[in-house]
Structures are given as structure tokens and as C-alpha cells.
Amino acid sequence: MNDMHLEWSDVRVFLAIARCGTLGGAAKLVGQTQPTMGRRLRALEEALGHTLFQRTSDGFVLTDDGAAVLAYAERMEEEALGFTRALAGKESQLSGLLRVSSSDWFGIHVLTPVFARFLAKHPGISLELLTDSRLYNLARHEADLLFRITPFDEPDVIQRKLMHIDYALYGHVDLVPPSRGDGDGSTLISMDRAFGALPDVEWVKRMLPRAKIVFGSNNRGVQARMCAEGSGFAVLPCPLGDATPGIRRIDLGEAPPGRDVWIGYHRDLRRVARLRALLDVTVEALTKA
């Protein structure tokens, strides 16, 4: 290992496969043929003495060894870009891919406007926004940046509380508001049974104990749409509820509990320039919101 000569071009191959997940996609990214990519990956793994990817029917997935060196490869990429900029005598645009994960409604109504402005400023960067319900693993580079409503307890994660989200009870503009402490005759749109212990779910049961839950979903956007259809009242994050046509806030004299949003990324990425740039723009925009 001490005598091994590591080629930057081989590291580029590794990064391309990690980002695309297939040899075909990686080949297009670096401008080589798929067989060449396969040969160079095998040669790199043999030289390192470690398997970097697990070959699956769905594509190439990083092994633990591959995930462990990915951040170092990305720093090599940043240094290589800096080397090129220095020779060119000017600062070039940031480039590369960033994968971000958040809940569906937060991605649509909060992050997307911020990201649109960021991409206009940094056209060389590509963003992927993942909004499914699974928790992505930062250590395995399943995502570079995570937004979620609970603090991180994973090791080596740099985190901060980004913002507080207010929640409110919403109903169709034509529905007669229910009375606090009753709710008889009213219908509710809520989370599904797996999320029945959430603070806002318990709040609405306490405020409207006689109301009937007629629809449940773990998707806040679905709840908002059902609310707009006039099917019942729903506790929604205000950025989502206020943006949904046809519904309005219902004041019961006490607001439902809101939630804090946390942002986290792996400590190995703290020097990646494009991630720092995205963090700066996002923090500036949302801590002022």
C-alpha cells in the first residue's frame, strides 16, 4: 500500500460511479465507455485491496470501505478544481453534485425556492432533492445534507437547529369552524395510526375530543389536499397550509405545538466548497424566515 500510486483519473471514476450508481451513467459523466469504466474500477479495487462497491441488480452501491473513502475523494476533487483555477488565474464556478433529503412538504414549500436562487447563482452545481420518508445515512453518503424535525444522534454529524415551524388548524373556507372542547359533528384529517403520538395529533384530539377522524396519511401534502377538498379539518405546517388554495386557519384560542427543523451533514464534508456555499445560502434565507 505504501508504494501504491493513486491516479486522480481513477478517483474520478470512483466518484462518477458513486454519484450515478451505474457504469453507463458514470461513463457519460466522464466521457468514457462503459467497459472502460468497469475495467478501471476493477483495477482500482485490486490496487487498493478493497471492494468499493457492491454489485446489485439495481446498480452499484457503496460498501463500507467505499463510503469510508468517499469524502476524501470529494476533497481530492475540490483540490483538483482549485489547482485548475490557480493555473487559470481566476476563480471558476463551483461544480459537482449535492444530494439533499427532507420531508415532502418542506422540500416543496420551503427548500425549493431557496434552492432555485442558489442554482441561479451557481449553475455548475447540480442538486438532487430526496423527499421520501426513509432516513438517509450520512456516513454512507446516501445524502450530503439532511433536514429533519429531530436532532441527530449519529456520530461525526455536524448539526444545528435551523428554524422553527409554526403549525395551525386548517379547514375549507366554506366549513363552519368547530368549537374548542367539543368538535361534535366535525371531521378530522390526521396522521396515520403509526404517527398517532405526534404532538399535533394529540393536541387536536384534546381540543376537539368529539370530532371523528375520517382520513389519515403520513404525507402532509396529501392531508392538505384532502382538507382543500372539504373533507375535514387538519393540523398542518403553516408554510404548507398557507400555500394551499381554498383553506384557512382556524383559531381555537390555542395554537398547536410547532416543530424545530434541524440540518446535518457528515463532518468529512465540512471543507467541500459547494456544500459550504449551499449551507450559507440556506441558513441565511431560513433563519430570517
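One can find the structure itself at the top, above this paragraph.
Here the structure is a predicted model, which is why all the values come from computation and not from measurement. All chains use their own residue numbering, which begins from 1 and follows the written sequence. Note on the predicted model: pLDDT of at least 70 is required for a residue's local features to be given, and 80 or more for side-chain atom pairs to be given and counted; whole-chain, interface and lining totals, by contrast, use all residues. Hydrogens are left out, water is left out, and the side-chain values use all remaining heavy atoms of the structure.

Draft legend 1. Representation of the sheet that holds strand 12 (residues 259–266). Taking strand neighbours across the sheet as the criterion, the 5 strands line up as 4-3-5-12-6 in an open arrangement whose pairing is mixed. Edge positions in the sheet fall to strand 4 (125–130) and strand 6 (157–165), since each of these pairs with one other strand and no more. Ignoring which end each strand starts from, the neighbouring axes of this sheet average 20° apart. Of the pairings in the sheet, the one linking strand 3 (residues 96–101) to strand 5 (residues 145–148) comprises 2 bridges and is parallel in character. Counted as the bridge partner of Val100 is Leu145 from strand 5. A strand pair is defined by DSSP finding two or more bridges across the two strands. For helices the rule is a DSSP run of H or I covering at least 4 residues; for strands it is a run of E covering at least 2, with both sets numbered from the N terminus onward. Every axis corresponds to a line fitted to the C-alpha atoms, with the helix fit spanning only the stretch in contact, and the corresponding angles, defined between N-to-C directions, vary from 0 to 180 degrees.

Draft legend 2. The layout of surface pockets, seen in detail. Roughly 760 Å³ of internal volume is contained in the largest pocket. A cavity, in this analysis, means grid points on a 1 Å lattice covering only the protein atoms where a 1.4 Å probe fits yet has no way out; a pocket is instead an open set bounded by protein on both sides within 12 Å along at least five of seven lines, and a residue lines either one if it has an atom within 4 Å of a point. Lining the largest pocket are 27 residues, and of these Ser102, Ser103, Asp104, Ser133 and Ile149 lie nearest its centre. Looking at the lining of the largest pocket, the elements that each hand over two or more residues are helix 5 (104–121), strand 5 and strand 12. We call Asp, Glu, Lys and Arg charged. Ala, Val, Leu, Ile, Met, Phe, Trp, Tyr, Cys and Pro are nonpolar, and the rest, Gly among them, are polar. In terms of residue class, the lining of the largest pocket is built from 13 nonpolar, 8 polar and 6 charged. Every residue lining the second largest pocket is counted, 17 residues in all, and those nearest its centre are Arg12, Arg19, Leu29, Glu77 and Gly96. Elements with a minimum of two residues in the lining of the second largest pocket: helix 1 (8–20), helix 2 (23–30), helix 4 (64–88) and strand 3. A total of 6 residues in the lining of the second largest pocket trace back to one element, the largest contributor, which is helix 1. In the lining of the second largest pocket, the residues fall into 9 nonpolar, 4 polar and 4 charged. Grid points are joined across faces, edges and corners, and a volume is the space filled by probe spheres set on the points.

Draft legend 3. Representation of the side chain of Thr282 within the structure. Within the fold, Thr282 resides in helix 9 (residues 273–286). Remark: exposure states derive from per-residue accessible area (1.4 Å probe, protein chains only) relative to the maximum for the residue type, with buried under 20%, exposed over 50%, and partly exposed in between. We classify Thr282 as buried; its relative accessible area is 0%. The definition of a polar contact used here is a pair of N or O atoms within 3.5 Å, where within protein one atom must be able to donate a hydrogen and the other to accept one, and adjacent residues in sequence count solely through side-chain atom pairs. For Thr282, the side chain forms a polar contact with the main-chain oxygen of Leu278, separated by 2.8 Å. Working rule for contacts: check all heavy atoms of both residues, and any pair within 4.5 Å makes them a contact. Ignoring anything within four residues of it in the chain, the contact list for Thr282 reads Leu111, Val114, Phe115, Phe147 and Leu162.

Draft legend 4. Seen up close, helix 3 (residues 34–48). Helix span, as expected, comes to 1.5 Å for every residue beyond the first. Its 15 residues place the ends of helix 3 21 Å apart at the C-alpha level, agreeing with the 21 Å of an ideal helix rising 1.5 Å per residue. If you check which residues of helix 3 are buried, you get Met37, Gly38, Arg40, Leu41, Leu44, Glu45 and Leu48. Those residues of helix 3 that are buried are in contact with helix 1, helix 2, strand 1 (53–56) and strand 2 (59–62). Directly after helix 3, the chain includes Gly49, whose backbone phi takes a positive value near 75°.

Draft legend 5. Spatial organisation of the packing of aromatic side chains. In summary, the pairing rule links any two rings of Phe, Tyr or Trp, Trp by its six-membered ring, whose centres are within 6.5 Å, and it sorts them by plane angle into stacked for under 30 degrees, edge-to-face for over 60 and tilted for everything else. Inspection of every chain in the model, using the stated rule, returns 4 aromatic pairs. For the pair Trp105 and Phe106, a centre-to-centre distance of 5.6 Å together with 90° between the ring planes defines the contact as edge-to-face. Here Trp105 matches Phe106 in class, with each residue buried. Relative to Phe147, the ring of Phe106 has its centre 5.8 Å away and its plane inclined at 40°; by these criteria the two rings are tilted. A residue pair is termed long-range when its members are at least 10 positions apart, and Phe106 in helix 5 and Phe147 in strand 5 qualify at 41 residues. Of the two residues examined, Phe106 and Phe147, each falls in the buried class. Through pairs of rings, three or more aromatic residues link up here, namely Phe14, Phe53 and Phe60. In our convention, an over-ring charge means Lys NZ or Arg CZ found within 6 Å of a ring centre and within 35 degrees of that ring's normal. Above the ring of Phe152, the side-chain terminus of Arg148 is found at 4.0 Å from the ring centroid.

Draft legend 6. Examining the environment of Asp144 more closely. By the secondary structure assignment, Asp144 is in the loop between strand 4 and strand 5. Accessibility expressed as a relative area gives 2% for Asp144, which makes it buried. For the pair Asp144 and Val281, spaced 137 residues apart in sequence, the C-alpha separation works out to 16 Å. Leaving out residues up to four positions away in the same chain, Asp144 has contacts with Glu74, Leu97, Leu98, Arg99, Leu138, Gly264, Tyr265, Leu269 and Leu275.

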